[in-house]
Amino acid sequence: MRQFGHEVGNGIALVANHFIQVITIMMLMGLVCFSIGMNLPIVTDKAIALYQSQELRAHDPVYFTAYYDDTREKTEDQASVNILANELTKGTAVSYISNDIELSHKDFANRHHVFIVMGSKANLAVFGIPHPQSTKPRAYLGSALTETSINLPIAGYKLTAREHLPANASFFSPHGFGESFAHYVVIVLPPSALLRMDEAEKENALFNTVFLMNEPSHISDHDLSAFLHSCHRRGMDFIPQNLSVDLPEQFRKVVAFTISYVVPSLALLILVFFLFYSLGKTLVREEMTELRIRYLFGATLGSLSIRVITFLLLSLVIPAVLPTALLAYWAQEKFVIPGIIILIFTAIVFVLCTLTSMRTIKRSIS
Amino acid sequence: MHKKLTAALSAFIFSLILAFLAFSVSEALNEIHNQSFGIGGEYTQLSIPQMANPSPDRKQEQEKALIKLRKYLADEKIIFISATDRGEGNPSVLVYDPLSTTWARNVKPSQTYVVKGSYFEELWKKKQNNPLLIESISRINGVIDPDASLQGQEYQFVHGLDEKISPSGKAILSTQNPEKVQHVQSLLSQALLQPQVLPRMTWKTALITHKEIDFTLLVSVLSIVACVMALNGVLEGLIPEFIIHTYSGGTALSITRKYIRHQFPTVALSSLAGSVFLLILNAMLQFARLNPFLLSLLLLSWLASTLIVELMLFLIVFSQLQVTFATNRKK
């Protein structure tokens, strides 16, 4: 045991001797972790959205981007709401409300995020909810919520959310705000409930509308034009966008924006491992004489390698784990994928380096 | 493995990083070019926040000022293009081109066109009435094909400069003369707007707004540091082999020169692989539009990385040999 402590102490002394290299490894690791952690989630989010919307995109969907003109008079024109409710009933539209819910009722749903989904085609935009095709009014709790039940009086219904959703439940948003349902309260309502909602909720539903154009009974040109006219009178200029064309283009833009961070960071990570490998080689070369003498005096190969392994642990694994852990603590779920990538790489390089150094030691001693 | 692989690996990684530096530079230049909405040459950017509609009597005042503005622009031969900000106002572009040199030459004042390829072009062709058109405009006069920087966005209409439509969003003037810009600004202020001149694009502001250039530059510098440290450790193991050459009369300089000449094909090929890797990635993800400018920058980055890695190898081996010879001589 005493000898073990001695060997570990020597390993730490070696780190002090190669201080500059170890500090460089640590700093580069920190930079790599930071830049990958900040940028990779943007791409993975879009890639997940692209994957999630596969089924929706097969329906030739049209969504809307909005221009808000504050200079005009606004009305509470109901034609667009009626058209939307009608299309939702027919199953040729998907819509949801994710903002501005029950603004007059401050403690609604214990101040959690609320998400209202309507229509029989909800399964195209909402994932992980039991019986997504059914429009029976009901409510669910997100997997991270601690409450056992929440009362939700909305649009004339008195709903109570008791069931928790699975952890992978999430929704897709054509506007790029799709999210996991972990911290949400999710309400399913029949399309007719839309007519009984507040104006703010209706506006959010209009904004989040996706019309499915490949259904045989899809929205007519006349209705679409009336829908746009009515939204215009409400103060929102809607511009129809084809999601199947638009989303891959959005993905391309996001990749173009983040790839000059992600790929150079990964390249730098490889260089850091290269630096580490060369550090291991230098170390074995420098220590070889001493190791050989101690071997002649009866030290086993195992006890000799403790020193080298301590050094390698301190100079690679700690500099890699420290920033990863810090960022994982700070950025939470977003850092899971980059963190796992970095740690797996580090583990592989560590094992490879240890094995090669051990082999070199073994060969040159015997 | 070390002898060839060390140099090859550093060259590959380094040229990959330089290739991404080249890519981010070309992206930034492309974006800066797009900011001018297709006006070649010098230009000034103005930001015009959206204002509430004026009362009827002030509306007349605004119209008068906008007529004066058009007259001034015509006299001074200044091109004026303004486009609304994303999500604000009406998705339209306001254009006046007295020089008839840009894409906007076909736009006549006080006329309205739909943007080619937009949803409202389809509506117009089907002769349906248009939901988003401003009330004061009764008819659409045709289709226009605007500059690439205005396409693919949400703009639906192109208006010729008209006293009924007040500009908002971002405006471009085809002049940098401070007096003329000042005059246009004062005319816009008379039209009850609050224009502000945006700072001119210099290399400093370009670096501030395009962080990816800063980042790739930083990473390339850091990768030189990491490469030097790593190569220093690995190449030390080759010293005994180099020493042999001294018996046949080799000096530090001649041995090093021979070494890097020997390494040159490896380094050049691996650097090329780094640049090609970007192209392969692009073929998979389609993130960049290949153009001659980007390709020439990639070629440049290939040459630069080959040279820099060769220089690194030279300096490291040379200094190590010098040190070894000095210690040997002491013995």
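## Observations regarding the overall build of chain B
When helices and strands are counted, chain B shows nine helices and eight strands. The globule rule puts the C-alpha radius of gyration for 331 residues at 20 Å, and the 30 Å found for chain B is more than 25% above it. Expressed as lengths along the three principal axes of its C-alpha atoms, the size of chain B is roughly 100 × 45 × 30 Å. Sequence-distant contacts, at least 24 apart, represent 80% of the contacts inside chain B between residues at least 6 apart. Total accessible area on chain B is roughly 16600 Å²; 60% of this is exposed by carbon and sulfur atoms. Once the 30 positive and 25 negative side-chain charges of chain B are each reduced to a mean point, those two points are 9 Å apart.

## Description of the interface of chain B and chain A
Many structure descriptions define interface size as the accessible area lost when the parts assemble. At the interface, 61 residues of chain B touch 47 residues of chain A. Summing both partners gives a buried area of about 4400 Å² for chain B against chain A, and 69% of it is carried by carbon and sulfur. Considering only the side of chain B, the residues that lose the most area to chain A are B:Pro131, B:Phe215 and B:Met229, jointly responsible for 13% of the buried surface there. Summed over the shared surface of chain B and chain A, the result is two salt bridges. Ionic pairing is found between A:Glu249 and B:Arg289, a salt bridge with its closest N-O pair at 3.8 Å. Run the count over chain B and chain A and you get six residue pairs in polar contact (both at pLDDT 80 or more). Only helix H1 (2–34), helix H3 (119–125), helix H6 (211–236) and helix H8 (252–285) of chain B provide two or more residues apiece to the side of chain B that touches chain A.

## Examining the side chain of B:Ser301
Mapped onto the elements, B:Ser301 comes out in helix H9 (residues 292–330). When neighbours within four sequence positions are excluded, B:Ser301 is seen to be in contact with B:Leu18, B:Ala19, B:Ala22 and B:Ser275.

## Things to note about helix H1 (residues 2–17) of chain A
Residue and element names in this part refer to chain A. With 16 residues, H1 should reach 22 Å at 1.5 Å per residue; the first-to-last C-alpha distance of 23 Å fits that figure. Listing the buried residues of H1 in full gives Glu7, Gly11, Leu14 and Val15. Seen along its axis, H1 keeps its buried residues to an arc of 105°; they face one direction. Exposed side chains of H1 directed beyond 90 degrees from the buried face belong to Arg2, Ala16 and Asn17.

## As for the confidence of the model for chain B
Detailed reading of the predicted coordinates is not advisable wherever pLDDT is low. For chain B, per-residue confidence averages 85 on the pLDDT scale, and residues scoring 70 or more make up 98% of the total. With pTM at 0.82, the complex prediction returns an ipTM value of 0.83.

## Looking at the sheet that holds strand E9 (residues 170–171) of chain A
By way of backbone hydrogen bonds, the strands of a sheet pair with one another, either parallel or antiparallel. Residue and element names in this part refer to chain A. The strand order E4-E9-E10 describes an open sheet built from three strands, whose pairing is antiparallel. On the outer flanks of this sheet lie strand E4 (126–127) and strand E10 (179–180), each paired with one strand and no other. Here two bridges tie E4 to E9, and the two strands are oriented antiparallel to one another. Bridge pairing in E9 places Phe127 opposite Ser170.

## Considering unusual backbone geometry
All names here are of chain B. A positive phi angle is found at Lys77, which is not glycine, with a value near 55°. For Lys77, the position within the fold is in the loop between helix H2 (56–76) and strand E2 (80–83). The phi dihedral of Leu192 falls on the positive side, at around 65°, and the residue is not glycine. Tracing the backbone shows Leu192 in the loop between helix H4 (178–190) and strand E8 (196–197).

## Considerations on the pairing of strand E3 (residues 113–118) of chain A
Working note: regular strand, side chains alternate between the two faces of the sheet. Residues and elements named next belong to chain A. Of all six residues making up E3, five are buried, and the element is well covered by its neighbours. Taken together, the three bridges between strand E2 (residues 93–97) and E3 define a ladder with antiparallel strand orientation. In the strand pairing of E3, Tyr96 is matched with Val117. Here E3 pairs with strand E11 (residues 184–189) via six bridges, running parallel. From the neighbouring strand, Ile116 faces E11, where its bridge partner is Ile187.

## Notes on the state of the cysteines
What the rule picks out here adds up to zero disulfides over all chains. Summary of cysteine pairing: B:Cys227 is not part of a disulfide, and the nearest cysteine sulfur, belonging to A:Cys353, is at 16 Å.

## Regarding the pattern of salt bridges
Residue and element names in this part refer to chain A. As enumerated under the stated definition, the model contains 13 salt bridges over all chains in all. Glu199 serves as the salt-bridge partner of Arg234, at 2.4 Å between the closest nitrogen and oxygen. Of this pair, Arg234 sits in the loop between helix H6 (221–233) and strand E13 (236–242) while Glu199 is found in helix H5 (residues 199–207), placing the two residues 35 residues apart along the sequence. A residue is classified by how much of its surface remains accessible, and Arg234, at 1% relative accessible area, is buried. Here Glu199 falls in the partly exposed class, since its relative accessible area comes to 21%. With a closest N to O distance of 3.9 Å, Glu203 and Arg234 form a salt bridge. Of this pair, Glu203 sits in helix H5 while Arg234 sits in the loop between H6 and E13, placing them 31 residues apart in sequence. Residue class for Glu203 comes out partly exposed when judged on its relative accessible area of 28%. One salt-bridge network, in which partners are shared between bridges, spans Glu199, Lys202, Glu203 and Arg234.

## Some thoughts on the packing of helix H7 (residues 243–296) of chain A against H6(B)
Where H7(A) contacts H6(B), the axes come no closer than 8 Å and their chain directions differ by 20°. Taken as axis vectors, H7(A) and H6(B) run roughly parallel relative to one another. The way H7(A) lies across H6(B) gives a crossing that is left-handed.

## Some points on the environment of A:Thr71
Within the secondary structure layout, A:Thr71 lies in the loop between strand E1 (61–68) and helix H4 (79–90). Through-space distance from the C-alpha of A:Thr71 to that of A:Gly235 is 8.8 Å; in sequence the pair is 164 residues apart. Those residues in contact with A:Thr71, other than ones at most four positions away along the chain, are B:Gln50, B:Met51, B:Ala52 and B:Asn53.

## Re the environment of B:Leu123
Locating B:Leu123 in the fold gives a position in helix H3. Contact partners of B:Leu123, with chain neighbours within four places excluded, come to B:Gln128, B:Asn129 and B:Pro131.

## Describing the nonpolar core
Residues A:Phe115, A:Phe181, B:Phe20, B:Phe23 and B:Phe287 are the most contacted members of the largest nonpolar core, which totals 124 residues. Top element by residues in this core is H7(A). It accounts for 25 residues. Sequence-distant contacts of B:Phe287, that is, excluding residues within four places in its chain, are made with A:Arg252, A:Val255, A:Ala256, A:Ile259, B:Phe20, B:Phe23, B:Leu278, B:Leu281 and B:Asn282. Counting 95 residues, the second largest nonpolar core, distinct from the first, contains A:Ile97, A:Ala109, B:Ile140 and B:Ile144.

## Brief notes about the pairing of E13(A)
Residue and element names in this part refer to chain A. Across the seven residues of E13, six count as buried, placing the element largely inside the fold. With seven bridges connecting them, E1 and E13 associate as antiparallel partners. By the bridge assignment for E13, Tyr68 is matched with Met236.

## Remarks on the environment of A:Ala125
All names here are of chain A. Mapping Ala125 onto the fold places it in the loop between E3 and E4. Each C-alpha atom of the pair Ala125 and Ser173 lies 7.2 Å from the other, and the pair is 48 residues apart in sequence. When sequence neighbours within four positions are dropped, the list of residues in contact with Ala125 reads Val94, Ser170, Phe171 and Phe172.

How each quantity is defined
Within every chain, residues take consecutive numbers counted from 1 along the sequence as written. To label them, take the chains in the order written and letter them from A, then take the ligands in the order written and number them from 1. The model is predicted, so local features are restricted to residues of pLDDT at least 70 and side-chain atom pairs to those at 80 or more, both for listing and for counting; the totals for chains, interfaces and linings are taken over all residues. In computing side-chain properties, one takes all heavy atoms of the structure into account and sets aside hydrogens as well as water. Numbering of helices and strands starts at the N terminus; helices are DSSP runs of H or I of at least 4 residues and strands are runs of E of at least 2. Computation of the radius of gyration draws on C-alpha atoms alone. For the globule rule, the value is 2.2 Å times the number of residues to the power 0.38. Residues are treated as being in contact if the distance between any of their heavy atoms lies within 4.5 Å. All accessibility values rest on the Shrake-Rupley procedure with a 1.4 Å probe; residue burial counts only the protein chains present in the view. Charge counting follows a simple rule: Lys and Arg are positive, Asp and Glu are negative, and His as well as the terminal groups are ignored. Where a charge lies is defined by one atom per residue type, namely NZ (Lys), CZ (Arg), CG (Asp) and CD (Glu). Accessible area that two parts lose when put together, with a 1.4 Å probe and added across both, is what the buried area reports. The term salt bridge refers to a side-chain nitrogen of Lys or Arg lying within 4 Å of a carboxyl oxygen of Asp or Glu. Two N or O atoms count as a polar contact when they lie within 3.5 Å, although within protein this holds only if one can serve as hydrogen donor and the other as acceptor, and sequence-adjacent residues are included solely when both atoms are side-chain atoms. A helix is expected to span 1.5 Å for every residue after the first. Residue burial is assigned from relative accessible area. The probe radius is 1.4 Å, only protein chains are included, and a residue is buried under 20% of its type maximum, exposed over 50%, and partly exposed in between. The directions from the helix axis to the C-beta atoms are what the arc is built from. Each residue carries a pLDDT score, the predictor's own confidence in it, on a scale running from 0 to 100. When DSSP finds at least two bridges between two strands, those strands are taken to pair. The rule for a disulfide is simple: a pair of cysteine sulfur atoms within 2.5 Å. Think of each axis as a best-fit line through the C-alpha atoms, taken over the contacting stretch in the case of a helix, with angles from 0 to 180 degrees between the N-to-C directions. Orientation categories follow fixed angle ranges, with anything under 35 degrees roughly parallel, anything over 145 roughly antiparallel, 65 to 115 roughly perpendicular, and all other angles oblique. Helix crossings are classified by the rotation of the near helix relative to the far one: an anticlockwise turn of less than a right angle makes the crossing left-handed, while a clockwise turn makes it right-handed. By convention a nonpolar core is built from buried Ala, Val, Leu, Ile, Met, Phe, Trp, Tyr and Cys residues, the set being connected through side-chain atoms within 4.5 Å.

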